[in-house]
Each structure stands twice: as C-alpha cells, then as structure tokens.
Amino acid sequence: MLEIKPIFNAMRRSKAGAIMLLIQIAITTAIVSNASFIIYDRVQYLQQETGYPEDEIFHFAVQTFGKDVDLSQQFELTETTLRNIPGVINAVAMQEIPLSGGGSASSFGINPTSDQGRQGREVRSAYTYGDEHALETMGVDLIEGRNFNQNEVIIAQNRDVLPTVAIVSKTFLEEIFPEGDGLGQTIYLGDMPLKIIGVVGKMMGPWLKDSRPDNLIVIPFVNAGVYQKVLVRADPEQRAQVMGQIEDILLKEYDQRVVVNLNGMDESKRRYNASDILMLRMLVVLITVLVLVTALGIFGLTVFNINKRTRQIGTRRALGARKSAIVRYFMVENGIICIAGLVIGSAAAVYMGTALLEHYSLPALDHSYIGMTAIFVLVVSLLSVLVPANRAANISPSVATRSI
Amino acid sequence: MLKMNNINKVYQTEKVQTHALRDFNLEVNEGEFIAVTGPSGSGKTTFLNIAGMLEPYTGGQYLLDDVDVGTLSDNKRADLRNQKIGFIFQGFNLIPDLNLYENVEVPLRYRGIKSAERRRRIEDCLEKVGLASRAKHLPQQLSGGQQQRVAIARALAGEPRFLLADEPTGNLDSLMARQVMELLEQINREGATIIMVTHDSELARRAPRNIQVVDGQLADFTLYQNRSADSVVELASGA
Ligand SMILES: Nc1ncnc2c1ncn2[C@@H]1O[C@H](COP(=O)(O)OP(=O)(O)OP(=O)(O)O)[C@@H](O)[C@H]1O
Ligand SMILES: [Mg+2]
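Reading guide: rules and limits
- Residues numbered from 1 in each chain as written.
- Chains lettered and ligands numbered in written order.
- Predicted model: local features only at pLDDT ≥ 70, side-chain atom pairs only at ≥ 80, totals over all residues.
- Heavy atoms only, no water.
- Near = heavy atom within 4 Å.
- Polar contact = N/O pair within 3.5 Å; in protein donor to acceptor, adjacent residues only side chain to side chain.
- Areas by Shrake-Rupley, 256 points an atom, 1.4 Å probe, with all protein chains shown as cover.
- Helix = DSSP H or I, 4+ residues; strand = E, 2+ residues; numbered from the N terminus.
- Nonpolar A, V, L, I, M, F, W, Y, C, P; charged D, E, K, R; others polar.
- Pairing = 2+ DSSP bridges.
- Axes fitted to C-alpha atoms, helices over the stretch in contact; angles between N-to-C directions.
- Patch = residues over 30% accessible without salt bridge, like charges linked within 9 Å, V, L, I, M, F, W, Y side chains within 5 Å.
- Salt bridge = Lys/Arg side-chain N within 4 Å of Asp/Glu carboxyl O.
- Buried < 20%, exposed > 50% of the residue type's maximum accessible area, 1.4 Å probe, protein only.
- Contact = heavy atoms within 4.5 Å.
- Buried area = accessible area lost by both parts, 1.4 Å probe.
- Domains from an automatic or database assignment.
- Core = buried A, V, L, I, M, F, W, Y, C linked by side-chain atoms within 4.5 Å.
- Parallel < 35°, antiparallel > 145°, perpendicular 65-115°, else oblique.
- Left-handed = near helix turned anticlockwise from the far one by under 90°.

Attention now moves to the site of ligand 1. Taken together, 14 residues form the shell around ligand 1, and within it Arg402 of chain A together with Ser40, Lys44, Thr45 and Thr46 of chain B come nearest. Residues lining ligand 1 come from chains A and B. At 2.5 Å from an oxygen atom of ligand 1 is found a side-chain nitrogen or oxygen belonging to Arg402 of chain A. The contact in question runs from an oxygen atom of ligand 1 to an N or O atom on the backbone of Gly41 of chain B, over 2.8 Å. Here ligand 1 loses 66% of its free accessible area of 640 Å² to cover by the protein chains. Elements that contribute at least two residues to the shell around ligand 1 include exactly strand E2 (17-28) and helix H1 (44-51) of chain B. The dominant element in the shell around ligand 1, judged by the number of residues it contributes, is H1 of chain B, at 3 residues. Its residues assigned to classes, the shell around ligand 1 comprises 3 nonpolar, 8 polar and 3 charged.

Right, here's the structure in full:
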C-alpha cells in the first residue's frame, strides 16, 4: 500500500525542499537527455566505418626544391622505393589524402559542362588522382568492375593527355545513377569525360563533415607537383617503424627535397575531429557532474528530512509502521517529486532539443533518449534515497516517548 | 493480559551502565486502569516502552496475551503495536504536516483498513474527542489540550484493547488535564485496559489501581482504590 495521498498532502504543506529538488531533477533530465543524445550522435560519427584500415595507413608530403628532375617520373621511382621497404604493403603518390580535412571536390555531371551550363543530373563528390596502386594502398574493396590498367594511368607534367576512366565510391554511383546501371557509364568533371570502370564499396572523402562525405572518385592521373602528398600502407605492427625510416630513405634516393607532415591516417582524422572529441569529453563531464549533483541533492534532502522528522518516524513506528513502511514512505515521497520533475524535464528536453536543432543545426533529438534518461534519473534518485531511508527505518520507536 | 517476570533493562553507554529496570514484576488484567507514579528517572517511561514493545529488554520474560514478546520479529512487534496498543505521548506527537483527519488515519493505514471503514472510524473518534468539526485543521492550529485529544482519537481509532499513556497531561493545564482524564476514564469504562504514567498525584488517585516505580522496581505496595467510595485500601504486594 503506497500511501500516495497523505504523502502528497504532507509534501504540499512543506514544499520548499521538494520544489528545489523537482527543479533540479527537471534540469538534469533536460540537459542529460540532450547531451547524451549529442554524445551518441558524435560517437557514431567518430566511430563510423570510413572504408580505410586507418591504423595501417600513413601519409606525408614531399617538398621538392631540386629543379633537375621530372617530378612525375621521380615519384614513380619514389613509389617503388617505398614499396620495397620491409613492412610496406603499397604506396602511392596521391593528390589528396582521405580523412585529412583537405582535398578537392567538384560537381560531376552526366553531361559535359557546355557554354549554357550543365544539363541533367549532377552530384558533388571529392576526387583524387592516383595510379593503379591507389586502391590497394587505401585498403578499400572493389565490389564491381576492375582496377586501372597501367596504360590507363596518365603520367605527365602537363594536361595534354587526360585520363578517360575513373573508379568511384558506391554512394556516389548510386546517387548519380539511381537506376543502378552506373558501371560503364560516363561522367564529366567539367568537360572531361570519365568512364566508370570500378566501384568501391566504401571510401570516404577528405571531409567527414562534408554534405557528401561518402562520395569519392579516383582518377588515374599522376601529375606530381613540387609539393606532393604520398599515401603509404604498411603492416599495422610495423607502421611506426616504417614511418621513422621514411625521411632517410627518401633523401637517400634524391636529396633535393624535404619530407613534411608525416602522420598516421588515424592521427590526422583525430586532428580533423579534435573539436568534436573535446566537445564529447566536456559533455561526458557535464553529464557526470549533473547526475552526481542531483544524486547528492536527493541524498542530502532525504537526510535533512529524516533528521527533521526523527520524532515523527519514531511515532509512526510506535503506531505500527514496519521498517519497510518507513523506507517506502521516503521512496514514494521522492518518487512523487521525481516523476513530477521528470515530466517537466521531459517537456524541457523536447523544447531544448528543438532550440538546439534551430540554432546549432544539431540533429533532431531522438525522443527515446528522453525516456532512457528519465528512467536513469529515476533509478539514480531512488538509489540515492535508499541509503538514508534505510537509516530512517532503524530509528527506534522509543524516540516517540524519549524526545520531548 | 500483561505479565512481566523479572524484567531487566540495562542501558549501556560509553562510561556508565544504567539499570533502568531491575527484576521488575507486574501482572495487569483486562480492563484495568493503572496509574504509574514514581520519582523522575525511576524507570516509568522505560517500563511503558517495554510494555508497548517500543524498546527491547535485556532480561526476564514479558508475556502479552500469553505471547512471549521476546521471541517476536520486529515486523510482528510492529503489527502487534498497531493492532493491540494505542499510545498517548506527553508531547502529543501529532505529525505536523498532516491534518487531524490524516493524523488519526495513520495507524489505520498501517493496518490496511479500507478507505470507507477508515472514514467511519476517524469520524467516530474525532466525534468522541469533540473535534469532528476541525478535521481539516493542522495540529499547529490547535491548543495543547485539543492536540492531546486528537492524539487520543488516533490511539482509539485502531480500537486497541490496551492504551499506554506517558504523562498524557504533562504539558496541559489542570482544566485540560481533567478533560483528558475524563476521556481516558470513559475509554476505560468502554473496556480498554489503560496504563498511565503521571506526576499528578490528584489524577493518579482517580485511577482504580496505582503502582509506584522506585529505582527500577515496583515499590513494595500497590494501591487499589474504589472509585465509588472514598475509602482507600492498601494491599501488601509480594510481602
Ligand atoms: N536511552 C537511554 N540511554 C541511557 N540511559 C537511559 C536511556 N533512557 C533512559 N535512561 C536512563 O534510565 C533511567 C530511567 O529512565 P526513565 O525515562 O524510564 O525514567 P522516568 O521514570 O520516565 O523519568 P521521568 O519521570 O523524568 O520521565 C534514567 O536513569 C535514565 O537516565
Ligand atoms: Mg518518563
């Protein structure tokens, strides 16, 4: 028997503490449900499958100041040197590095750009240049079609001869050819036609926060520059050791250059996401502090109430309350406050979610998070009451006659 | 209905051991009205608390309706308090956040009595103590005498056979004290057994049986009085 009515009536008559607790629970519910949803969303984002074995890949850039070499030929040589390092799986000079936060993107159409502008569908995608080693170096899976032939790869220092084929990510293909007949069709980068010869299941572009993060096109073109990026894939156990040797080996091959920005793919992804990781940590701290403060508040208020009501508790025991009835009293009392706080807090959470959606373009709050938070807060709150309530139950009924 | 054999109660504090009761013997029969007197600190409250199962005792045997209280669980003792015993305290001990109706309701709820029956009993009892019209008032809105009458109503609501009162008039002036005494006498006439601790010798003399506690023991005499006559009969107890 839960005695809700008399407990509620008693609370109505001395409500200051109850109202403070109610507000605290409401605020906690509103903030924790939104924050935990944002955390979930960010964790999903940070842990998403990118298509790359990030711990196997590293990249660097080569700044060449020697003027006595053909850069593209030099980098063909450099690639070979890299591939011969023990532990290296493959290496490729690449114009842009996936997940690094820097790259090129354009809109690709099913028709060339004419003077009046493009006709027909066009889709935004990041793109990068690389040769037939690119896919293996990136560690991505070709799910349809084939890799580049050596003769499709254009190695040049000018744009007299242009590549004619491309390998695209599945997401891009499905977006630009939604009928599913994309393989073998031709897309246009400006007026340059590129026949789609292969499809990769998953490979993300340089920007995880792009509007089309999963669209990437690899074009078989080697047009090395004085600042040239290189991607290397190595055995994950040996990656660090390989990275340590890179500079020496490359300078031994040709010394009129410097190696810069040597980083693992996972590290550069982490840098790109640094602000998200920071926000995530702050939100976790915020939630923890809030829940702790609420739990302490409930604990404190219950202890205070029990101290204030020692004689009343003794009297109730004298009048026939079992210990369990005393515990129940405080649990129900707290439960009433808590549920009222949760109702108000849930409404506030919805409101706050809408405001965050409008002002900070965060994803819309999934309402199941409010439900889960409410259950969590209720459990924390009941646990916080349990300890002092048990102490109250042990108050001797004799205080009814002993305390005047 | 109550039988205490060699009850001992020792309070053990850090430095001192207090023998609040030593080899205390008493038998109380159904329907008695007993006034307990004795000097301060002699063990009256201790006796009452043990009689009401508010405190454990450290030695001896206590039978309530032939049940050995020492063998009962805490829950069982709570249930027996609720069913058999009504308490009246010197400080009234009304619950300040509950109105009179709700205060009287407390023991009935612990007994799990249905709402309609509760209402009937609460209204009856408040009527009996003359406070039916103030059911919605809070205790702080009443005088001390009125509060004690509510406390009596609360003790009566469960229709206990046994009423324990520790200085029920201790905080009241003599007029109010007399009113409360009259109420108790009426309750006793209706069949309840009453044990009342009091410092007021005039009130004590109105009770049919007086016992005196001195130094944790029953004094060597018990006074039986005849309510209808002025004569006082002194009987030797034990000796
Ligand atoms: N909780 C306790 N701890 C230690 N000693 C106690 C405790 N309660 C009572 N005592 C002691 O037990 C003895 C009897 O106390 P009790 O309250 O029964 O006396 P009393 O006859 O009711 O006195 P009064 O007339 O002043 O109410 C006293 O010496 C008291 O100090
Ligand atoms: Mg006393």
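This is not the end of the story, as more comes after the structure.
Moving on, we come to the sheet that holds strand E14 (residues 227-234) of chain A. Residues and elements named next belong to chain A. Read from one edge of the open sheet, 4 strands run E2-E14-E1-E15, paired in antiparallel fashion. The sheet is open, and its two borders are formed by strand E2 (88-94) and strand E15 (257-264), each paired with just one other strand. In this sheet, neighbouring strand axes are inclined to one another by 20° on average, regardless of whether the strands run parallel or antiparallel. Sheet topology places strand E1 (residues 57-64) next to E15; 6 bridges connect them, and they run antiparallel.

All names here are of chain A. Judged by side-chain polarity, Phe299, Ile375, Val379, Leu383, Leu386 and Val387 come together as a nonpolar surface patch covering roughly 530 Å² of accessible area. When residues in the nonpolar patch are grouped by element, the largest group, 5 residues, is from helix H11 (residues 368-393). With respect to the secondary-structure elements, Ile375 resides in helix H11. Exposure remark for Ile375: the relative accessible area of 57% places this residue in the exposed category.

So, on to the interface of chain A and chain B. At the interface, 27 residues of chain A touch 30 residues of chain B. In this assembly, chain A packs against chain B so that about 2800 Å² is buried in total across both faces, 52% of it on carbon and sulfur atoms. At the surface where chain A touches chain B, the tally comes to 4 salt bridges. Among the ionic pairs, Arg13 of chain A bridges to Glu102 of chain B, the shortest N-O distance being 2.7 Å. Linking chain A with chain B are 17 residue pairs in polar contact (both at pLDDT 80 or more), by the criterion used here. Mapped by element, the contributors of at least two residues to the side of chain A that touches chain B are helix H1 (4-13), helix H9 (310-318), helix H10 (323-360) and helix H12 (399-402) of chain A.

Here we come to the pattern of salt bridges. Counted under the stated rule, the structure contains 37 salt bridges over all chains. Two residues, Glu152 of chain A and Arg146 of chain A, come together in a salt bridge whose shortest N-O distance is 2.6 Å. Among the ionic pairs, Asp65 of chain B bridges to Lys84 of chain B, the shortest N-O distance being 2.8 Å. Of this pair, Asp65 of chain B sits in the loop between strand E4 (59-64) and strand E5 (67-68) while Lys84 of chain B sits in helix H2 (residues 74-84), placing them 19 residues apart in sequence. Several salt bridges share partner residues, and in doing so they unite Glu117, Arg120, Arg121, Asp124 and Glu159 of chain B into one network.

Looking now at the domain arrangement of chain A. As assigned here, chain A comprises domain 1 (4-47 + 274-401) and domain 2 (66-255). Between domain 1 of chain A and domain 2 of chain A, the C-alpha centre-to-centre distance is 54 Å.

Attention now goes to the nonpolar core. Residues Tyr52, Met138, Val140, Phe148, Met203 and Leu231 of chain A are the most contacted members of the largest nonpolar core, which totals 41 residues. When contributions to this core are tallied by element, the ones reaching two or more residues are helix H2 (16-47), E2, helix H4 (134-138), strand E9 (165-169), strand E11 (192-200), strand E12 (216-219) and helix H8 (274-308) of chain A. Counting residues per element, this core draws most heavily on H8 of chain A, which supplies 7 residues. For this core, the two domains that each supply at least three residues are domain 1 (4-47 + 274-401) and domain 2 (66-255) of chain A. If we skip the residues at most four places from it in the chain, Val140 of chain A touches Gly51, Tyr52, Leu135, Val200, Lys202 and Met203 of chain A. The next biggest cluster of nonpolar side chains, apart from the first, holds 39 residues, and it includes Phe33, Ala177, Val180 and Leu203 of chain B.

Where burial is concerned, most of helix H3 (residues 100-111) of chain B is hidden: 11 out of the 12 residues are buried. Buried within H3 of chain B we find Leu100, Tyr101, Glu102, Asn103, Val104, Glu105, Val106, Pro107, Leu108, Arg109 and Tyr110 of chain B. In this structure, the buried residues of H3 of chain B make contact with H1, H9 and H10 of chain A together with H2, helix H4 (115-128) and helix H5 (144-157) of chain B. The N-terminus of H3 of chain B is capped by Asn99 of chain B, whose side-chain oxygen sits 3.2 Å from the backbone nitrogen of Tyr101 of chain B. Where H3 of chain B ends, the next residue or the one after it, Gly112 of chain B, has phi of about 75°, a positive value.

What follows deals with the side chain of Asn305 of chain A. Residues and elements named next belong to chain A. Summarising the element assignment, Asn305 is placed in helix H8. Residue classification places Asn305 among the buried positions, given a relative accessible area of 10%. If near-sequence neighbours (up to four positions away) are discounted, Asn305 is found in contact with Phe330 and Glu333.

On to the packing of H2 of chain A against H8 of chain A. All names here are of chain A. It is the contact of H2 with H8, at a shortest axis distance of 9 Å, that shows an interaxial angle of 155°. Put simply, H2 runs roughly antiparallel to H8. Between H2 and H8 the crossing geometry is left-handed. When grouped by side-chain class, the residues that make up the contact of H2 with H8 number 22 nonpolar, 6 polar and 2 charged.

All names here are of chain A. Position of Ile197 among the secondary structure elements: in strand E11. For Ile197, a relative accessible area of 8% gives the class buried. Spatially, the C-alpha atom of Ile197 lies 9.3 Å from that of Thr186, the residues being 11 residues apart in sequence. Setting aside anything within four residues of it in sequence, one finds Ile197 in contact with Glu144, Gly145, Arg146, Asn147, Phe148, Glu152, Val165, Ala166, Ile167 and Leu183.

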